[in-house]
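Spelled out from the first residue to the last, the chains are:
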Amino acid sequence: MITYALRRLGAGIVLALLVTMITFFLLSGSLESVARERLGSAATPESIKGLMTQLGFDRPAIVQYLDWLGSVITGDFGTSLFTSQPVAPAVASRLGVTLSLVVTALIITVIVSVALGVWAASRGGVADKISQGLSLVGYIVPGLLIAIVLVAVLAVNLKLLPATGFTPFAQNPAKWAASITIPVIVLVIGGVANMAAQVRGSMIDELRKDYVRTLRTRGIPTRSIVLRHALRNAASPALTVLSLEFIQMLGGALIIENVFALPGYGQYAFNASLQGDIPIIMGITLFSVMLVVTVNLITDVVNGWLNPKARIN
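Quick look at the structure, then.

What counts, and where the lines are drawn
Residues numbered from 1 in each chain as written. Predicted model: local features only at pLDDT ≥ 70, side-chain atom pairs only at ≥ 80, totals over all residues. Heavy atoms only, no water. Axes fitted to C-alpha atoms, helices over the stretch in contact; angles between N-to-C directions. Helix = DSSP H or I, 4+ residues; strand = E, 2+ residues; numbered from the N terminus. Left-handed = near helix turned anticlockwise from the far one by under 90°. Contact = heavy atoms within 4.5 Å. Nonpolar A, V, L, I, M, F, W, Y, C, P; charged D, E, K, R; others polar. Salt bridge = Lys/Arg side-chain N within 4 Å of Asp/Glu carboxyl O. Buried < 20%, exposed > 50% of the residue type's maximum accessible area, 1.4 Å probe, protein only. Phe/Tyr/Trp six-rings, centres within 6.5 Å; stacked < 30°, edge-to-face > 60°. Lys, Arg positive; Asp, Glu negative; His and termini not counted. Polar contact = N/O pair within 3.5 Å; in protein donor to acceptor, adjacent residues only side chain to side chain. Parallel < 35°, antiparallel > 145°, perpendicular 65-115°, else oblique. Expected span 1.5 Å × (residues − 1). Bend = angle between axes of the 7 residues up to and from the residue.

### Some thoughts on the packing of helix α5 (residues 87–123) against helix α6 (residues 125–140)
Move 1: For the pair α5 and α6, interaxial distance at closest approach is 7 Å and the crossing angle is 145 degrees. Crossing geometry of α5 relative to α6 is assigned as left-handed. Together, Leu116, Trp119, Ala120 and Arg123 of α5 and Gly125, Ala127, Asp128, Ile130, Ser131 and Leu134 of α6 make up the contact between the two elements.
Move 2: A breakdown of the residues in the contact of α5 with α6 according to their chemical character gives 6 nonpolar, 2 polar and 2 charged.

### A word on the pattern of salt bridges
Move 1: Going through the model one piece at a time under the given rule, you end up with 4 salt bridges.
Move 2: With a closest N to O distance of 2.9 Å, Glu206 and Lys209 form a salt bridge.
Move 3: With a closest N to O distance of 2.6 Å, Arg213 and Asp210 form a salt bridge. Separated by 3 residues within a single helix, Arg213 and Asp210 lie in helix α9 (residues 210–217), roughly one turn from each other.
Move 4: With a relative accessible area of 46%, Arg213 lands in the partly exposed category.

### Topic: the packing of aromatic side chains
Move 1: Under the criterion given, the structure shown has 4 aromatic pairs.
Move 2: Measuring from ring centre to ring centre gives 5.5 Å for Phe77 and Phe287, while their planes differ by 50 degrees; the resulting arrangement is tilted. Placement of Phe77 in the loop between α4 (61–73) and α5 and of Phe287 in helix α12 (residues 278–306) is noted, with a sequence separation of 210 residues between them.
Move 3: Taken together, the ring pairs connect Phe24, Tyr65 and Trp68 into an aromatic cluster.

### Let's talk about the side chain of Ser202
Move 1: Structurally, Ser202 is set in helix α8 (residues 173–207).
Move 2: Look at Ser202 and you get buried, because its relative accessible area is 7%.
Move 3: Sequence-distant contacts of Ser202, defined by excluding residues within four places in its chain, comprise Ala234 and Pro237.

### Remarks on the environment of Ala152
Move 1: Assignment of secondary structure puts Ala152 in helix α7 (residues 143–157).
Move 2: With relative accessibility at 31%, the residue Ala152 sits in the partly exposed group.
Move 3: With 11 residues separating them along the chain, Ala152 and Ala163 place their C-alpha atoms 8.5 Å apart.

### A closer look at the side chain of Glu245
Move 1: One can find Glu245 in helix α10 (residues 222–259).
Move 2: For the buried Glu245, no salt bridge exists, and the shortest N-O distance to an oppositely charged side chain is 16 Å, to Arg200.
Move 3: Of the polar contacts made by the side chain of Glu245, one reaches the side chain of Asn194; its length is 3.1 Å.
Move 4: The residues touching Glu245, leaving out its near neighbours within four places in the chain, are Leu106, Gly190, Gly191 and Asn194.

### So, the packing of α8 against α10
Move 1: Look at α8 against α10: their axes get within 8 Å of each other, and the N-to-C directions meet at 155 degrees. The angle between the axes of α8 and α10 places the two elements in the roughly antiparallel class. In terms of crossing hand, the pair formed by α8 and α10 is right-handed.
Move 2: Each residue belonging to the contact of α8 with α10 can be placed in one class, and the counts come to 17 nonpolar, 7 polar and 2 charged.

### A short note on α10
Move 1: For α10, which comprises 38 residues, the first-to-last C-alpha distance of 46 Å sits more than 12% below the rise-based estimate of 56 Å (1.5 Å per residue).
Move 2: At Leu231, α10 shows its maximal bend, which comes to roughly 50 degrees.
Move 3: Once α10 finishes, Ala261 follows within two positions and takes phi at roughly 55 degrees, a positive value.

The structure is reproduced here in structure tokens:
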């Protein structure tokens, strides 16, 4: 298991290097525009050239990337080109907002998806049709439309929840929960549509296998067969979907945080992209890749524990 985990970790590190390198090289084509943006509309060609030299933008892109990578290894993620704020604490503080949103949505998605998928697979009939219908609605209805309807009903008409803004958990847990409720619902609906269908399909496959029939002939209660045996074996493909769902929710934070004015890293990334703040963009890219690698590593290790055959891949 340790060798398997180390192998997956090594693949994750390679992925992080490739993603950050590609991102940096794509950004390197706009260095002159960034210098012009920082100096303002009155900037002269000479002042732009001087600033690029000062910032090291006149060096080859590969040299700049290796310099950035070396700084990151020592714990220095650089500073913002426009605010001079250190990148690491700036991104980390906003990442907490994003993770509070995404992790909450992911936990609810898992609970609802497993309950709905197991119910549909074990009961069949009307329960199965209801499950498939709910998944279909989640697929068809755009998340932005759901957000607009929820804001109109819950925030504007009923005034039960705030339409925008964010309250830190440490400051007021109740207001924190209220501030993320609508964004979480939007993320959960799409997540359940994907994951419940996967859990349902995997559970149906497991319940049709010979070992389930054997357990039933031995008088094992159906509840025990479903929850203790079939669900564990069906968990492996569902976990893969879960890791993909986390990545999708993390990407969805860019839109959600701007719609609901949440001060998370998605909104920060959007503003940094508009300015061309390369150190911030690179920091956000690296933090995002690290999160994805961590989630994938956890998923792979759990999959390896649940299904030893997966360790040979």
